[in-house]
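# Analysis of the macromolecular model
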Amino acid sequence: MTQITESPTMAIDAKAKALKAAGANVIGFGAGEPDFPTPDHIVEAAAKATHNTAYHRYTPAGGLPELRAAIATKTKRDSELDVGAEQIVVTNGGKQALYNACMAIVDPGDEVILPTPYWVSYPEMIRLAGGEVVAIETTETTGFRATLDQLEQARGDKTKALMFTSPSNPTGAVYPSDEVEAIGRWCVEHGIWVITDEIYEHLTYGEHTFASMPVLVPELAERCIVVNGVAKAYAMTGWRVGWSIAPADVTKKMVSLQSHTTSNVSNVAQVAALAAVSGDLEAAKMMREAFDRRRKKIHSLLNDIDGVDCYEPEGAFYAFPSVKGLLGRTIAGVTMGSALDLADVVLGEARVAFVPGEGFGAPGYARFSYALSDDDLEEGVGRFAELIKSS
Ligand code: PLP
């Protein structure tokens, strides 16, 4: 446990919320959650379930059978992956699916290749399972995408798995399908497992499109765990429903693990998720349009700030600019030694919260979630820009 640190995204969010609770007008770019309400038909399905005593009880640890079946159907519809309900475990958010996956396949001493910048919880989960993180650094120069050369350099006798995410949190990078396929083939060639996090599958923009690795490389299926959930596509972060798709024997183990730790996900939340995955994608499309508009806006506003350099996000809802041009400068009387210093001063002085890159394994960068209203987005980046200009 001494190896594990607090999630920095949660920490900055908590600090911003505490300031807000004390009456400060804080604009938060910290949290990774859509600002839209959960669509009505989903809320109504859950509300109805609360009055049905059948949903006041435990479900099987692996999830409601009808939800597991509906997830299999939705997976075929959205990413063309053929899976059976027996390969699915319904989990407390995508987060628990990732944790279960690490516990299921990573043995003490195993190495897991993890491209940086990474989502904050991956390295901690790998370590909780006793694994070693082998980080490979990606930057704007490759569009924040790992190359086969880098993967090959990171591979060793103890390599067990690759943690893969596209679209990415925090960079917004989306791997084109030929690269997804090449990476999948490389994993098959070397007997390496892939945990592929598809939680942002519906949020890609412009010419960038999502591609599912086990669809492009079917031979990977026996060593692949897909992670997904309703949080991002249906504005359901608080409902806590995700899932894993894995080979049936691994799924059995993950169900056992879950049966001794958390048991089933809230029954009523599972009914909500059932309504989400069985329904159409209209709400997701509407949100994607709003995010796309904000993506363009934040990209251009951040690039207008002297010392800030922003790669255009291709998916998810995060901008991940370099703030290296601000390091060494004095802002509000404090010399900026790191992105952490910058986040602290900007929150204190401009009442604008963003997450410093250190937590994503990328010092010198900052993550701005653009899942907030257009007005707040302009106001927030404006305040940040003003503070820099006046310093
Ligand atoms: N994977 C990625 C890349 C994420 O960004 C997040 C949430 O921020 C998750 C998984 C976890 O999502 P959930 O809320 O379903 O646990």
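This is a predicted model, so every value here is computed, not measured.

Below, the discussion takes up the overall build of the protein chain. Along the protein chain, the regular secondary structure elements total 13 helices and 14 strands. Dimensions of the protein chain, computed from the C-alpha atoms along their principal axes, are close to 60 × 55 × 45 Å. Per-residue burial over the protein chain gives 55% buried out of 391 residues. Relative to all contacts within the protein chain whose residues are 6 or more apart in sequence, the contacts with residues 24 or more apart total 73%.

The two faces of strand β2 (residues 88–91) match: Ile88 and Val90 on one face and Val89 and Thr91 on the other face are all buried. Alignment of β2 against strand β8 (residues 242–245), held across four bridges, turns out to be antiparallel. Bridge pairing links isoleucine 88 to isoleucine 245 in β8.

Moving on: the nonpolar core. Counting 79 residues, the largest nonpolar core has Phe29, Leu302, Leu342 and Phe384 as its most contacted members. Top element by residues in this core is helix α12 (residues 339–350). It accounts for seven residues. Split by domain, this core shows at least three residues from each of two domains, domain 1 (8–31 + 283–390) and domain 2 (41–278). If we skip the residues at most four places from it in the chain, phenylalanine 29 touches Ile298, Val352, Ala353, Phe354, Arg367, Phe368, Ser369, Leu372, Asp376, Leu377, Gly380 and Val381. Membership of the second largest hydrophobic core comes to 49 residues, among which are Ala70, Ile71, Val83 and Leu151.

The end-to-end C-alpha distance of α12, which contains 12 residues, comes to 15 Å, matching closely the 16 Å that a straight helix rising 1.5 Å per residue would cover. Where α12 begins, the side chain of serine 338 points an oxygen toward the backbone nitrogen of leucine 340, at a separation of 3.2 Å. Taken from the residues just after α12, arginine 351 is the one with a positive phi, measuring 60°.

Looking at the ligand, there are 13 residues lining it, with Gly94, Asn169, Asp197, Tyr200 and Lys232 nearest. Aspartate 197 places a side-chain nitrogen or oxygen 2.6 Å from a nitrogen atom of the ligand. Here an oxygen atom of the ligand and a side-chain polar atom of lysine 232 are 2.6 Å apart. Counting residues per element, the shell around the ligand draws most heavily on helix α4 (residues 93–105), at four residues. A breakdown of the residues in the shell around the ligand according to their chemical character gives six nonpolar, three polar and four charged.

Residue placement: glycine 328 occurs in the loop between β9 (318–319) and β10 (330–331). Under the relative-accessibility criterion, glycine 328 is labelled exposed at 53%. For the pair glycine 328 and glutamate 358, spaced 30 residues apart in sequence, the C-alpha to C-alpha distance is 17 Å. Discounting chain neighbours no more than four positions away, the residues touching glycine 328 are Thr335 and Met336.

The subject of this paragraph is the pattern of salt bridges. Enumeration according to the criterion identifies 21 salt bridges in this entry. One salt bridge in this structure joins lysine 160 and aspartate 107, with 3.7 Å as the shortest N-O distance. Of this pair, lysine 160 sits in strand β5 (residues 159–165) while aspartate 107 sits in the loop between α4 and β3 (111–116); the two residues are 53 residues apart in sequence, bridging distant segments of the chain. With a closest N to O distance of 3.7 Å, arginine 127 and glutamate 124 form a salt bridge. In this pair, arginine 127 and glutamate 124 both sit in helix α5 (residues 121–128), three residues apart, roughly one turn of the helix. By relative accessible area, glutamate 124 is classed as buried at 14%.

On to the sheet that holds strand β4 (residues 132–137). An order of β2-β8-β7-β6-β5-β3-β4 is seen for the seven strands of this open sheet, with the pairing classed as mixed. The strands lining the two open edges of the sheet, one partner per strand, are β2 and β4. On average, each strand axis in the sheet is inclined to that of its neighbour by 20°, with strand direction left out of account. The pairing of β3 with β4 spans six bridges and is classified as parallel.

Turning our attention to the sheet that holds strand β13 (residues 355–356). Taken in spatial order, the three strands make up an open sheet running β9-β14-β13, and their pairing is antiparallel. Pairing within the sheet leaves two strands with one partner each, and these edge strands are β9 and β13. Two strands pair when backbone bridges link them, and β9 and strand β14 (residues 366–369) are joined in this way by two bridges, in the antiparallel orientation. Along β14, the bridge assignment pairs tyrosine 318 with serine 369.

What follows deals with the domain arrangement of the protein chain. Taken domain by domain, the protein chain consists of domain 1 (8–31 + 283–390) and domain 2 (41–278). Relative to domain 2, the C-alpha centre of domain 1 lies at a distance of 27 Å. Interface area, domain 1 with domain 2, both sides summed: about 2300 Å², of which 62% is carbon and sulfur. On the domain 1 side of the contact with domain 2, Tyr311, Glu314 and Phe360 bury the most area, a combined 28% of that side's loss. Our count for the domain 1 to domain 2 interface comes out at 11 residue pairs in polar contact (both at pLDDT 80 or more). Breaking the side of domain 1 that touches domain 2 down by element, the ones donating at least two residues are α1 (8–21) and α11 (282–303). Take the side of domain 1 that touches domain 2: its biggest share by element is six residues, from α11. For the side of domain 1 that touches domain 2, the per-class residue count stands at 15 nonpolar, five polar and five charged.

Criteria and cut-off values
Residues numbered from 1 in each chain as written. Predicted model: local features only at pLDDT ≥ 70, side-chain atom pairs only at ≥ 80, totals over all residues. Heavy atoms only, no water. Helix = DSSP H or I, 4+ residues; strand = E, 2+ residues; numbered from the N terminus. Buried < 20%, exposed > 50% of the residue type's maximum accessible area, 1.4 Å probe, protein only. Contact = heavy atoms within 4.5 Å. Pairing = 2+ DSSP bridges. Core = buried A, V, L, I, M, F, W, Y, C linked by side-chain atoms within 4.5 Å. Domains from an automatic or database assignment. Expected span 1.5 Å × (residues − 1). Polar contact = N/O pair within 3.5 Å; in protein donor to acceptor, adjacent residues only side chain to side chain. Near = heavy atom within 4 Å. Nonpolar A, V, L, I, M, F, W, Y, C, P; charged D, E, K, R; others polar. Salt bridge = Lys/Arg side-chain N within 4 Å of Asp/Glu carboxyl O. Axes fitted to C-alpha atoms, helices over the stretch in contact; angles between N-to-C directions. Buried area = accessible area lost by both parts, 1.4 Å probe.

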